[in-house]
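# Examination of the molecular architecture
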Amino acid sequence: MTAEDRPDEADEDRAPLSIFDHDDDSSAEDPDPAPRRRRGRRLLLWTLAVLLVLFGGGFGALVWTANHYASSVARIPNAFPTGGAAQPTAVPHTGQTFLLVGLDARADRPTTGQAAKAPAWQLGAQRSDTMMLMHISADRKSVSVVSIPRDTWVPVPGHGSAKINAAYSWGGPALMVQTVQDLTHIRIDHVAVIDWNGFRALTDAVGGVDITIPRTIEAKGDAREWPAGTHHMDGAEALLYVRERHGLPNGDLDRTKRQQNFLRALMLRTMNSGTLSSPAKLTGLLGTVGDVVSVDDRLSNTDLYDLAWSLRGVRPDGVHFMNAPFGGFDSIDGQSVVLMDGGAAGLLWDAMRGDRMDEYLAQHRTSTDTLGDNVD
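Predicted model only: the values in this text are computed from it and were never measured.

Across its full length, the chain holds twelve helices and 13 strands. Burial status across the chain gives 45% buried among its 376 residues. Summarising the internal contacts of the chain: among those between residues at least 6 apart in sequence, 68% fall at separations of at least 24. Surface accessibility of the chain: about 19200 Å² in total, with carbon and sulfur atoms responsible for 53%.

Here it is in structure tokens:
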């Protein structure tokens, strides 16, 4: 076959691109369509190049921004027990469980987040004023938050029995995690810690929250009066609201309800603003969180962003708040303490461990101390 007899290789290469330079009359009016096709091919290549630059640049900027803000979240080293204190075995496909800790540092200097001026833990310097187990279901459709009152009397490894909030004071996050794991036999996947300075700053950063108080709570001792009605609380007022217990009929148990009520209001504000469904807003939220919250160093930037993004489908009615089963009050070694109902608590911990919280709530709704609509 001569060169003249061979098919035009350029024509074969051009065939797939003809949709971009097709003209019904071109064959009749232009005896040589090659220049037109070459122009069409160049146009396609330039168009693809521009699209790749625009898309790639925008996506790259988004990834950079997300990574930047996730990196701003302070990490806690050695947040988990080591040595002989092994964690419970992970159960596959059962979601994730976080230990949320609110610190009473008894100081004006922040101890958590990027703004920290002091360590998140120093021996005897801080106690955990708030402890919540937050379980996120494997299908990312529901979240269960269980408060453990700070005065709950439990065994603290290496220290005998004590109020559970002493564990953080004695051994920081690692001893706190070990104590809670020994109590519940639930593997703690991650830890998040915030002090009262951070709590106040986070509340102000989201523009405050609306809290409705169903009846007037009279002043008692150092406790202020809370008039009935809806209050738009800034950080300072919200801090007073969640720390108060002396003016409440059930003391520490009612205070945990207030803490849950605030967290619910904060979650609703975040969900209703579309933050979790907007990558741009989500990166901004991570920036705010990074200023005031510290998390364990096992939680990578990708883990943090993926977790927040995966929760965009959670609806308000898919978030459940409750107290650990209450077994009564007592006085031990001159201390007023809260006792846990071990039998009822065992059923709850089993459900959380096996990612069966929806089933548990359906079966025990009347006996579970869940958060209602009216919170003193």
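This paragraph deals with the side chain of Gln259. When you line up the elements, Gln259 lands in helix 8 (residues 252–272). Among the residues examined, Gln259 registers a relative accessible area of 6% and is labelled buried. A polar atom in the side chain of Gln259 sits 3.5 Å from the backbone oxygen of Val242.

Packing of helix 11 (residues 342–353) against helix 12 (residues 357–364) brings their axes to within 8 Å, and their N-to-C directions diverge by 145°. Contact with helix 11, carried on its side by Ala344, Leu347, Leu348, Ala351 and Met352, involves Met357, Tyr360 and His364 of helix 12 and no other residues of that element. Broken down by class, the residue content of the contact of helix 11 with helix 12 amounts to seven nonpolar, one polar and no charged.

With respect to the helices, strands and loops of the structure, Ser71 is situated in helix 4 (residues 34–71). Since its relative accessible area comes to 39%, Ser71 is described here as partly exposed. Between the C-alpha atom of Ser71 and that of Gly290, which follows or precedes it by 219 residues, the distance is 7.9 Å.

Tracing the chain through its elements places Gln181 in helix 5 (residues 166–184). Given a relative accessible area of 3%, Gln181 falls into the buried group. Setting aside chain neighbours within four positions, we find Gln181 in contact with Pro81, Gln87, Pro88, Ile186, Arg187 and Ile188.

Overall, the coordinates contain eight salt bridges when judged by the stated rule. As a salt-bridge pair, Asp151 and Lys163 come within 3.6 Å of each other at their nearest N and O atoms. One end of the pair, Asp151, is in the loop between strand 4 (143–147) and strand 5 (153–156); the other, Lys163, is in strand 6 (residues 160–163), with twelve residues separating them in the sequence. The buried category is assigned to Asp151, whose relative accessible area is 7%. With relative accessibility at 17%, the residue Lys163 sits in the buried group. One connected set of salt bridges, linked through shared partners, spans Arg150, Asp151 and Lys163.

One pass over the full model with this rule turns up two aromatic pairs. With a centroid separation of 5.7 Å and an interplanar angle of 80°, the aromatic rings of Trp226 and Tyr241 are classed as edge-to-face. Here Trp226, found in the loop between strand 8 (209–213) and strand 9 (229–233), pairs with Tyr241, found in helix 7 (residues 235–243); they are 15 residues apart in sequence, far enough to count as distant. Here Trp226 and Tyr241 have matching classes, each one buried.

Direction of pairing for strand 12 (residues 326–332) relative to strand 13 (residues 335–340): antiparallel, over a ladder of six bridges. Pairing of Asp330 across the sheet is with Val337, part of strand 13. Taking the residues between adjacent antiparallel strands as the criterion, strand 12 and strand 13 are bridged by two residues, where Asp333 takes a positive phi near 55°.

Below, the discussion takes up the confidence of the model for the chain. Residue-level pLDDT values for the chain average 77, and 69% of them are 70 or greater. Across residues 2–29, where pLDDT falls below 50, the model places 15 contacts with residues more than four positions away in sequence or in other chains. Per-residue pLDDT stays below 50 along residues 46–62; that stretch engages in four contacts with residues further than four places along the chain or on separate chains.

The biggest cluster of nonpolar side chains holds 40 residues, and the ones touching the most others in it are Val143, Phe199 and Tyr241. When sequence neighbours within four positions are dropped, the list of residues in contact with Val143 reads Met134, His135, Ile136, Leu311, Val314, Gly318, Val319 and His320.

Inspection of helix 12 places Met357, Tyr360, Leu361 and His364 among the buried residues, and these make up the whole buried set. Looking straight down helix 12, one finds its buried side chains confined to an arc of 95°; they lie on one side. Those residues of helix 12 that are exposed and angled more than 90 degrees off the buried face are Ala362 and Gln363.

This part is about the packing of helix 6 (residues 196–205) against helix 7. Remark: helix 6 packs on helix 7, axes separated minimally by 8 Å, with the N-to-C direction vectors making an angle of 130°. It follows from the interaxial angle that helix 6 and helix 7 lie oblique. Here helix 6 and helix 7 pass one another in a crossing that is right-handed. Two secondary-structure elements touch here, helix 6 through Trp196, Phe199, Arg200, Thr203 and Asp204 and helix 7 through Gly235, Ala236, Ala238, Leu239, Val242 and Arg243. Grouping the amino acids of the contact of helix 6 with helix 7 by side-chain chemistry returns six nonpolar, two polar and three charged.

What counts, and where the lines are drawn
Residues numbered from 1 in each chain as written. Predicted model: local features only at pLDDT ≥ 70, side-chain atom pairs only at ≥ 80, totals over all residues. Heavy atoms only, no water. Helix = DSSP H or I, 4+ residues; strand = E, 2+ residues; numbered from the N terminus. Buried < 20%, exposed > 50% of the residue type's maximum accessible area, 1.4 Å probe, protein only. Contact = heavy atoms within 4.5 Å. Areas by Shrake-Rupley, 256 points an atom, 1.4 Å probe, with all protein chains shown as cover. Polar contact = N/O pair within 3.5 Å; in protein donor to acceptor, adjacent residues only side chain to side chain. Axes fitted to C-alpha atoms, helices over the stretch in contact; angles between N-to-C directions. Nonpolar A, V, L, I, M, F, W, Y, C, P; charged D, E, K, R; others polar. Salt bridge = Lys/Arg side-chain N within 4 Å of Asp/Glu carboxyl O. Phe/Tyr/Trp six-rings, centres within 6.5 Å; stacked < 30°, edge-to-face > 60°. Pairing = 2+ DSSP bridges. pLDDT = per-residue confidence, 0-100. Core = buried A, V, L, I, M, F, W, Y, C linked by side-chain atoms within 4.5 Å. Arc of directions from axis to C-beta. Parallel < 35°, antiparallel > 145°, perpendicular 65-115°, else oblique. Left-handed = near helix turned anticlockwise from the far one by under 90°.

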